[in-house]
Amino acid sequence: MRKNSKVTQREHTSEHVTESVADLLAHEAPLDYKNSSLNVGGVPGKKIVLEPPENDGRPAWNSKLQYILAQVGFSVGLGNVWRFPYLCQKNGGGAYLVPYFILLILIGVPLFFLELAVGQKIRRGSIGVWNYVCPHLGGIGVSSLMVCGFVGLYYNVIIGWSIFYFFQSFQYPLPWAECPIRRNGSLAIVEPECEKSSATTYFWYRQTLNTTSTIADSGGLNVKMTLSLLVAWIIVCLAVIRGIASSGKVMYFSSLFPYVVLFCFLVRGLLLKGAVDGIAHMFTPKLEKMLEPQVWREAATQVFFALGLGFGGVIAFSSYNKIDNNCHFDAVLVSFINFFTSILATLVVFAVLGFKANLMNEKCVIENGEKILGYLNSNVLSHDLIPPHVNFSQLSTIDYAEIYGVIKTVKEGSFAELSLDPCVLEDELNKSVQGTGLAFIAFTEAMTHFPASPFWSVMFFFMLINLGLGSMIGTMTGITTPVLDTYKVHKELFTVCCCIIAFFCGLLFVQRSGNYFVTMFDDYSAGLPLTIVVILENVSVAWIYGTKRFMQDLEDMLGFRPHAFYFYMWKYVSPCCLIVLITATVIEMAISPPGYSAWVEELAQERFQSYPPWALAMCFSLIVVAMLPLPIVFIARYFNLMSDGSNKLSVSYRKSMMKDISNLEEVDEARFILGKNPGETPSPKPPSRAYLGPPGTNPLENPNSLSPNRGAAALPKTPQPPPSPTE
């Protein structure tokens, strides 16, 4: 018999101890009624947080640092490196940071805190969490899982691309540094497609992807990309096969190494010629941009995806925490680490792009200077137009700008025939690049001009692999944790099967036309479905479950009451912002023609093409399939065609529920035993109080408390004794 059981207590103390049948059946030690918040006659105002059993069989993080690194690794991903800098450049430079930061406070931190809190309190994955918060909206968890599946399919393809470039970087010169030479007998010519574009662009589209000119032409499998994808899935499988026991250890490296590389690139970038021009261009605020609704919409979208809201990975990671972990601190910390990582990555990107812009501008000056020199030698232009101090052997950008202005003024009528470019640095800096164009074309081209370029290339693509791996671990955890919590399946076998199935489904993206499908999935599989998932999460907690009740649960769990700021954000501000975001997203999808940028081999450049009908149907099928669980689960549970999931409780849930039964019976006994004076019996119904009253709320006032123990609330209540005459 347990040492702390009531029978043992009788042997060591003369104190009056009660014992219930539920205690004996459950073999559980009941809570200490003298200190418990369930004690009616105990010390008022003393709050004890009700924790689930310590040995409930659920895995746990080895340390708080490991958990924080896992959340940082999941939220900080490729979007911080190649999407945030692009949006910053496109939407007003430094002025873009203002709407982004405001929306981070209004949407990002509150909703991130909400997901952390429900996962930590209920200790289940996304399916279990939303089944217990609001069973009719249990489809939220299934939709999250499906979106994770769609995103994981194409996201790992990007990791595969990075792996290919990583291994290609171990050679000097880098294979994308120069255009290949085509030999025809004794005649050697530069590859025409490469000459029309650039060496890095040619290497990306032709030697890496070997892309077709249209999405309708699959072109067959690309063997190199297929092998790279296989390696990527093997790495992901090994990282997540043992759950947080393996993924937590991987996070120590995959989350910290990108920061080492970013700081190294920042130091190296600041030493490059023109780096200051890039950073100055980046942070020069264009304040008029802040008045455009499009800027706020894109800032909200970036905040939304930067923190990984709605994917289920945040909830899954937090479900392995201790019940009293300060998830409010975690939410603020991870959110601002994510924000400052985006700023750091933006500094690095624009330092390098400033260097590249100066190189391109100098090249433009040299090429156009040679044109002008040819026009002078052929008497098309007069030597009188050239200022005497100009030296064509060392033509500076300032001198060229002066010559260009003079020629344009004098030859106003026939200036267009000369085909001279203005060669303005600002124009080069204004060329917006994002996504794969930034990582695999613009950045790689800049690195070819670095001293020891293979070293920097290896570091850069190894950083991309680690950034992608951290996000993929969170995405896979968002898939495996809900399923393992809901069904009794073998963890390692299920993880391996998921990776094998995902690899074969991912073959769609390693065809020669696979790049176009990556774009399709990126545009349609996550954006709108995830936004709807998150607003339903917000509504189910704030309006269906109840914000006051949720705040009280947080107080019981954390030991302190969160600031009223969160109350108003969850209740009013965040739902309104999300509704506006959904409306703007739908309008944007309606007015923007669905299509993709196709690489046309004959022109050696990209051209926008509309999706064919079958591809258009595929685009909208991704949205419908991702959101389909929401109405299906709602209808099935509304008409009692599906259980609410209570028959699939984990071991920890069942233990907690049995303890709740014991607690309820003990409270009933305490009503007769623990009176303040002999013969006095406490009131059978504790006085109700509002949320903002004194601490120490009795859990019996809240039978629907946000806890796995809420299943006990459905049990028939023990008949209550009549009120004492003294009342």
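Reading the values: the criteria
- Residues numbered from 1 in each chain as written.
- Predicted model: local features only at pLDDT ≥ 70, side-chain atom pairs only at ≥ 80, totals over all residues.
- Heavy atoms only, no water.
- Core = buried A, V, L, I, M, F, W, Y, C linked by side-chain atoms within 4.5 Å.
- Buried < 20%, exposed > 50% of the residue type's maximum accessible area, 1.4 Å probe, protein only.
- Helix = DSSP H or I, 4+ residues; strand = E, 2+ residues; numbered from the N terminus.
- UniProt positions renumbered as here; feature names shortened; annotations may be inferred.
- Contact = heavy atoms within 4.5 Å.
- Expected span 1.5 Å × (residues − 1).
- Lys, Arg positive; Asp, Glu negative; His and termini not counted.
- Salt bridge = Lys/Arg side-chain N within 4 Å of Asp/Glu carboxyl O.
- Phe/Tyr/Trp six-rings, centres within 6.5 Å; stacked < 30°, edge-to-face > 60°.
- Lys NZ or Arg CZ within 6 Å of the ring centre and 35° of its normal.
- Pairing = 2+ DSSP bridges.
- Disulfide = S-S within 2.5 Å.

Novice: So what's going on with the nonpolar core? Residues and values would help.
Specialist: Formed by 174 residues in total, the largest nonpolar core has its most connected members in F265 and W570. Here the element with the most residues in this core is helix 8 (residues 139-168); it accounts for 17 residues.

Novice: Just give me the short version of the UniProt feature "binding site: Na(+)" (unreviewed entry) in the protein chain, but keep the residues and values in it.
Specialist: Within this structure's numbering, the places UniProt gives as "binding site: Na(+)" (unreviewed entry) are G73, V76, N80, N338, L467 and S471. Judged by maximum C-alpha separation, these annotated positions cover 399 residues in sequence but sit close together in space, the widest gap being only 12.7 Å. Counting through the fold element by element, N80 comes out in helix 4 (residues 78-82). Since its relative accessible area comes to 2%, N80 is described here as buried. Sequence-distant contacts of N80, that is, excluding residues within four places in its chain, are made with S75, P85, N338, S342 and A345. Along the chain, S471 falls in helix 22 (residues 453-486).

Novice: Could you give me a rundown of helix 22, with the residues and numbers involved?
Specialist: With 34 residues, helix 22 should reach 50 Å at 1.5 Å per residue; the first-to-last C-alpha distance of 50 Å fits that figure. Buried residues dominate helix 22, accounting for 31 of its 34 residues.

Novice: Tell me about the side chain of R297, and name the residues and values.
Specialist: On the secondary structure map, R297 appears in helix 15 (residues 293-306). Although R297 is buried, it makes no salt bridge; E588 carries the closest opposite charge, 4.1 Å away. Non-local contacts of R297, meaning those with residues more than four positions away in its chain, are made with L581, A584, T585 and E588.

Novice: Any chance you could break down the environment of D330 for me, citing the residues and the numbers?
Specialist: Structurally, D330 is set in helix 17 (residues 327-377). D330 gets classed as buried once you look at its relative accessible area, which sits at 0%. As a C-alpha pair, D330 and I68 span 262 residues in sequence and 7.2 Å in three-dimensional space.

Novice: So what's going on with the packing of aromatic side chains? Which residues, and what values?
Specialist: Across all of its chains, the model carries 61 aromatic pairs by this definition. Ring centres of F166 and F167 lie 5.3 Å apart, and the angle between their planes is 75°; on these two criteria the pair is classed as edge-to-face. For F166, a relative accessible area of 14% translates into the label buried. Assessed through its relative accessible area of 54%, F167 is described here as exposed. Over the aromatic face of F450 sits the side chain of R268, whose NZ or CZ is 5.7 Å from the ring centroid. The ring of Y545 has R549 sitting right over it, with the charged end atom 5.1 Å from the ring centre.

Novice: Kindly report on the pairing of strand 3 (residues 595-600), identifying the contributing residues and their values.
Specialist: Side-chain positions along a regular strand alternate between the two faces of the sheet. Strand 3 sits mainly inside the fold: five of its six residues count as buried. The pairing of strand 3 with strand 4 (residues 605-610) spans six bridges and is classified as antiparallel. Paired with Y596 across the two strands is Q609, which belongs to strand 4. Hairpin remark: strand 3 followed by strand 4, antiparallel, with four residues in the connecting loop; positive phi at A604, about 55°.

Novice: Describe in detail the state of the cysteines, supporting the description with residues and values.
Specialist: All chains considered together, the criterion is met by two disulfides. Note that C179 is cross-linked by a disulfide to C194, the S-S spacing being 1.9 Å. What sets the handedness of the C179 and C194 disulfide is the S-S torsion sign, and at about -80° it is left-handed. Taken as a pair, C179 in the loop between helix 8 and strand 1 (181-184) and C194 in helix 9 (residues 192-196) lie far apart in primary sequence, 15 residues in all. For C179, a relative accessible area of 22% translates into the label partly exposed. Judged by relative accessible area, C194 falls into the buried class, the value being 1%. We note that C237 lacks a disulfide partner, and the nearest cysteine sulfur, in C499, lies 3.8 Å from it.

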